[in-house]
Amino acid sequence: MAIQPSVLILNGPNLNLLGTREPHVYGTDTLEDVERLCEDAAARLGLEIDFRQSNHEGELVTWIQDARGEHDAILLNAGAYSHTSIAILDALSAVGLPVVEVHLSNIFRREPFRHHSYVSTVARGVICGFGPHGYVLALEAVARLVDAADPA
Ligand code: DQA
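Scope of this entry: the structure provided in the associated data block. (Residues numbered from 1 in each chain as written. Predicted model: local features only at pLDDT ≥ 70, side-chain atom pairs only at ≥ 80, totals over all residues. Heavy atoms only, no water.)

**Digging into the site of the ligand**
1) Next: Within the structure, the ligand sits among Arg21, Tyr26, Asn77, Gly79, Ala80, His83, His103, Leu104, Ser105, Ile107, Arg110 and Arg114.
2) Next: At 3.0 Å, a side-chain N or O of Arg21 approaches an oxygen atom of the ligand.
3) Next: In this structure, His83 approaches the ligand through a side-chain N or O atom, which is 2.7 Å from an oxygen atom.
4) Next: Alone, the ligand offers 320 Å² of accessible surface; in the complex the protein occludes 99% of this.
5) Next: Partitioned by chemical class, the residues of the shell around the ligand number four nonpolar, five polar and three charged. (Near = heavy atom within 4 Å. Polar contact = N/O pair within 3.5 Å; in protein donor to acceptor, adjacent residues only side chain to side chain. Areas by Shrake-Rupley, 256 points an atom, 1.4 Å probe, with all protein chains shown as cover. Nonpolar A, V, L, I, M, F, W, Y, C, P; charged D, E, K, R; others polar.)

Here it is, written out as structure tokens:
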């Protein structure tokens, strides 16, 4: 049987607090619920996933660097670092893997400082505003990207 494509799913700061964190913005599902959703979607799509969360920018950078040769794509919700981190942008550019960016909330309906994302400048696509289901949509997009090995 062919080896399944592997997707590194990274969650940035404060996403460990999902479920209790501003539920009117982020809903009541926990990060463990999101992980289960991803596991179910990945099984259906024939993908392997490695699901992680960190509150530390440098740890996220290291995980992105280490993804080269280990994973076929990165699904990234960098949380607030999306709007601030040139280091994460540089790491994504350095590894060159396809990136799909996810946000639970619709960042464009929120404060202006959330409207710009460094991650978006290298992401193949962005999904935001659909809550945890956005991770499923992103995995569907990743499955197509790695299947087509689309060089665009
Ligand atoms: C977020 C949106 C960011 O602006 C915010 O800083 C987060 C979560 C989201 O998933 O909606 O931490 O990435």
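After that view, the rundown keeps rolling.
**What about the packing of aromatic side chains?**
1) Next: A full pass over the atoms with the stated rule returns zero aromatic pairs.
2) Next: The ring of Trp63 carries Arg52 above its face, with NZ or CZ at 5.0 Å from the centroid. (Phe/Tyr/Trp six-rings, centres within 6.5 Å; stacked < 30°, edge-to-face > 60°. Lys NZ or Arg CZ within 6 Å of the ring centre and 35° of its normal.)

**Some remarks on the sheet that holds strand S2 (residues 48-53)**
By way of backbone hydrogen bonds, the strands of a sheet pair with one another, either parallel or antiparallel.
1) Next: With respect to topology, five strands assemble into an open sheet ordered S2-S1-S3-S4-S5, the strand pairing being parallel. Looking at which strands have only one partner, the edges of the open sheet turn out to be S2 and strand S5 (125-128). Taking the axes of each pair of neighbouring strands and ignoring which way they run, one obtains an average angle of 20° across the sheet.
2) Next: Strand direction decides the pairing type here: strand S1 (residues 6-11) and S2, joined by six bridges, are parallel. Note that in S2 the partner of Asn11 across the bridge is Gln53.
3) Next: Here helix H3 (residues 57-66) sits on the sheet in contact with S1, S2 and strand S3 (73-77), set at roughly 170° to S1. (Pairing = 2+ DSSP bridges. Helix = DSSP H or I, 4+ residues; strand = E, 2+ residues; numbered from the N terminus. Axes fitted to C-alpha atoms, helices over the stretch in contact; angles between N-to-C directions. Contact = heavy atoms within 4.5 Å.)

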